[in-house]
Structures are given as C-alpha cells and as structure tokens.
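Listed below, chain by chain, are the residues.
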Amino acid sequence: MKSRLSVAIVVFCIIQYLGNIGPFPRLACAQVARIEIHSLKTMTLTDEQFLTGVKDGKQDVIGGELRIPRPGKDRLPAIVLVHGSGGIGGNVDSWSQELNKIGIATFILDGFTGRGIVDVVTDQRQLGMLAMINDAYRVLELLAKHPRIDPSRIGIMGFSRGGMVALYASLNRFKRMHAPSDIGFAAYLAFYTPCYITFIDDGEVSDHPIRLFHGSADDYVPVEPCQEYVKRLQKAGKDVQLVEYPEAYHVFDMSAIKAPIRLPEAQTTRNCRREENPAGQIINSQTKQPGPCTERGATLAYNAHAHSESLKAVKEFLTVTFKLK
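Residues numbered from 1 in each chain as written. Predicted model: local features only at pLDDT ≥ 70, side-chain atom pairs only at ≥ 80, totals over all residues. Heavy atoms only, no water.

### Structural notes on the nonpolar core
Point 1. Among the nonpolar cores identified, the biggest contains 58 residues, and Tyr168, Phe174, Phe185 and Phe199 are the most heavily contacted of them.
Point 2. Here phenylalanine 174 is in contact with Phe50, Leu51, Ile133, Tyr137, Tyr168, Ala179 and Phe199, once residues within four sequence places are set aside.
Point 3. Counting residues in hydrophobic clusters, the runner-up holds 35 residues, among them Leu189, Ala248, Leu300 and Ala306. (Core = buried A, V, L, I, M, F, W, Y, C linked by side-chain atoms within 4.5 Å. Buried < 20%, exposed > 50% of the residue type's maximum accessible area, 1.4 Å probe, protein only. Contact = heavy atoms within 4.5 Å.)

Quick look at the structure:
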C-alpha cells in the first residue's frame, strides 16, 4: 500500500507540473524531477598558475549534482552553486530547492571531495583561492552541452570562498585564460564574498549582471572591501549591485545555526589587503611582499530577516534575468 501511495504522489506531482492543476499547492510535491551525479575532469591550480594561465596543472576529477526541476524536453535555465570553506552545507541544499521551485535547474559543485579535502576552514592553503573558478568553468562547459539546459541562461552563485569564485569568474581576463570560448555565465551572484584582493584588470568584467549580498556585521569577511570594489565597477558602468543586511553575520542564510557560533581557529584575512603583481603573485598591498597575513577567529550566525530578504531578491532577480514565466 505504501509503495502504491508513493507512486500516486509522484504521478500527481507530475500532473501538477505539467498542468498546474489540483487542489493542493505545488510546495506539497517534490520539486526535482531528475537528479544526475556528474564527474568532471579539472586541474588543481595554484593561484600563481591560475593567474598566469597555466594549462598543464595537476589533473583531478571532481563531482557535482545536477537537479532538474521538472520533466519534459524543454531547455531550462540553470545555476551553478559553489560552496564555501566548509564544503557543501545545508544552506547550499536549501538554495537549490528554492531555485528548483521556480523552474531553475541547479548544479551543486563539490570542489573538495575529489581532491581529498573535507574543509579548509583552519587551513586555507589546502587549495588555492582561485582553483574553483576553473572548476566552475568546467561545469559551464558540461551544462552548455546538456539537452535539458539552455546554454544562454546559465548563472553562478557562490557562498564565502564560493562567493569569490562566483564574483571573479566574471573577470574577462580570467575567462580568456580558462573559460570555454563560446559560452559564458549569464548572471553572477556572490554571498558574503572575500573582496580583499585587487587583481590586474579586475575592472574589466562581464556585461552580464553581478549581484553581491553581504551582512554588515560580518567579522569573518567584512563588507568594506566589497563596497569599494562595487563602487569602482559601477563607476565604470558595469551592472553591479551590493545588498547589505544590517546586523547580519557570516552565513546569515544557514538556518541550521540556532545560535551564533564562534570559530576560534578559523583563518581570516579580514585586515589584510592584497594585490596581484605582474608575475602572478598575490602580495601584501602594504609590504609589497608575498606571504600569509592571516588572523584566526570568526563568527557564524543565522539571520532570518536577511535570509528571507535575500531569497526574495534572488528570485526576483533571476525571474527577470532568465525571463521566467
């Protein structure tokens, strides 16, 4: 009887998706019609290798999960979701579900497991900060060839370290060096993003929209460097906006955090501005020397208001950008 009921529910949900009928709201049904697990060949590049355009870095295989929100043969918009230093968290899964509800396919990129990494919270040196931009471009290649994905409507959305990936994947210079030549992301969404590094030609970004979301109380990745970068891009006429949420800390969208969490050993470069030199090295902007300039200790805290407002803002933005019905 239980199996028959399950089949009946699946059939009912499919009917709702196809015909939008029935007495119950769509939220009562699963939002994913198909899940695919993909492996991707990529390179693990150091930051210097990435910045100098190295093409023969260490070969690795990583993975990800593609969630297709409805059955059929039509091509859907998609968002690549890029996790932060802790790996794929519940907030990434939650965002995937929310985007699936409005008809957007999601690809949850796992940049750690295939490389034998659990997290980099206390040791960021395990993986270059820019390595996962190359991973994101490989996902873009994969999705652009998928029969259910519209290659002209693929965006990227990242969180913390993943927010850095989403933001700087927009740089034209990086795209020329590492991205597929015939396709690009149609939207860039970056949550609580590290903006500490000034890259060469980082004012030359995609003409597609870029949106940043940040908490004003974030002591892990303070918002001020992003404020400065966004103003610089806006002055150059780019479609870039930063939304700040008062009193919101890092990972303000992680509803599993019931009370603020202090991470005493978490590495942060919150008080260290850095820049790229012509040799592809990331150096301290004050000393003009390479090397670490990290501190330890940061706060994580959920903020229901910021979460709700960012969810609304993202859905409205993507509905317009992807021309959703």
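We are not done yet, so read on.
### Some remarks on the environment of alanine 306
Point 1. Assignment of secondary structure puts alanine 306 in helix α8 (residues 304-321).
Point 2. Judged by its relative accessible area of 1%, alanine 306 is buried.
Point 3. Remark: the alpha-carbon pair of alanine 306 and glycine 215, spanning 91 residues in sequence, is separated by 7.9 Å.
Point 4. Residues within four places of alanine 306 in sequence aside, it is in contact with Tyr245, Ala248 and Phe252. (Helix = DSSP H or I, 4+ residues; strand = E, 2+ residues; numbered from the N terminus.)

### Focus: unusual backbone geometry
Point 1. Here the phi dihedral of serine 160 falls at roughly 60°; this positive angle occurs in a residue that is not glycine.
Point 2. You can call serine 160 buried: its relative accessible area is 11%.
Point 3. One non-glycine residue, tyrosine 192, lies in the positive phi region at around 35°.
Point 4. Mapping tyrosine 192 onto the fold places it in the loop between β6 (187-191) and β7 (197-198).

### Concerning the pairing of strand β9 (residues 240-245)
Point 1. Across 6 bridges, strand β8 (residues 210-215) lies against β9 in parallel orientation. Bridge pairing in β9 places phenylalanine 213 opposite valine 243.
Point 2. With helix α7 (residues 224-235) bridging β8 and the parallel β9, this β-α-β connection has right-handed handedness. (Pairing = 2+ DSSP bridges. Right-handed = clockwise from strand over helix to strand, strands pointing away.)

### Here's the deal with the packing of aromatic side chains
Point 1. For the structure shown, the criterion picks out 14 aromatic pairs.
Point 2. Between phenylalanine 185 and tyrosine 188 the ring centres are 6.0 Å apart and the planes differ by 75°, which places this aromatic pair in the edge-to-face class. Each member of the pair, phenylalanine 185 as well as tyrosine 188, carries the same accessibility label: buried.
Point 3. An aromatic cluster of at least three residues, connected via ring pairs, comprises Trp95, Phe159, Phe191, Tyr192, Phe213, Tyr245 and Phe252. (Phe/Tyr/Trp six-rings, centres within 6.5 Å; stacked < 30°, edge-to-face > 60°.)

### Considerations on the state of the cysteines
Point 1. Under the definition given, this model contains 2 disulfides.
Point 2. Across a sulfur-sulfur distance of 1.7 Å, cysteine 272 and cysteine 293 are joined as a disulfide pair. On the sign convention where negative is left-handed, the bridge of cysteine 272 and cysteine 293, at about -75° about the S-S bond, is left-handed. Pair noted here: cysteine 272 is in the loop between β10 (261-268) and β11 (274-276) and cysteine 293 is in the loop between β12 (282-284) and β13 (295-300), with a separation of 21 residues, a long-range link. (Disulfide = S-S within 2.5 Å.)

### Points about the sheet that holds β7
Point 1. Read across the sheet, 3 strands follow the order β7-β11-β12 without closing on themselves; strand pairing throughout is mixed. The open sheet has two edge strands, β7 and β12, and neither has a second partner.
Point 2. Summarising the sheet, β7 and β11 pair through 2 bridges and their orientation is parallel. From the neighbouring strand, isoleucine 197 faces β11, where its bridge partner is arginine 274.

Functional significance is not addressed by these values, which are geometric in nature.
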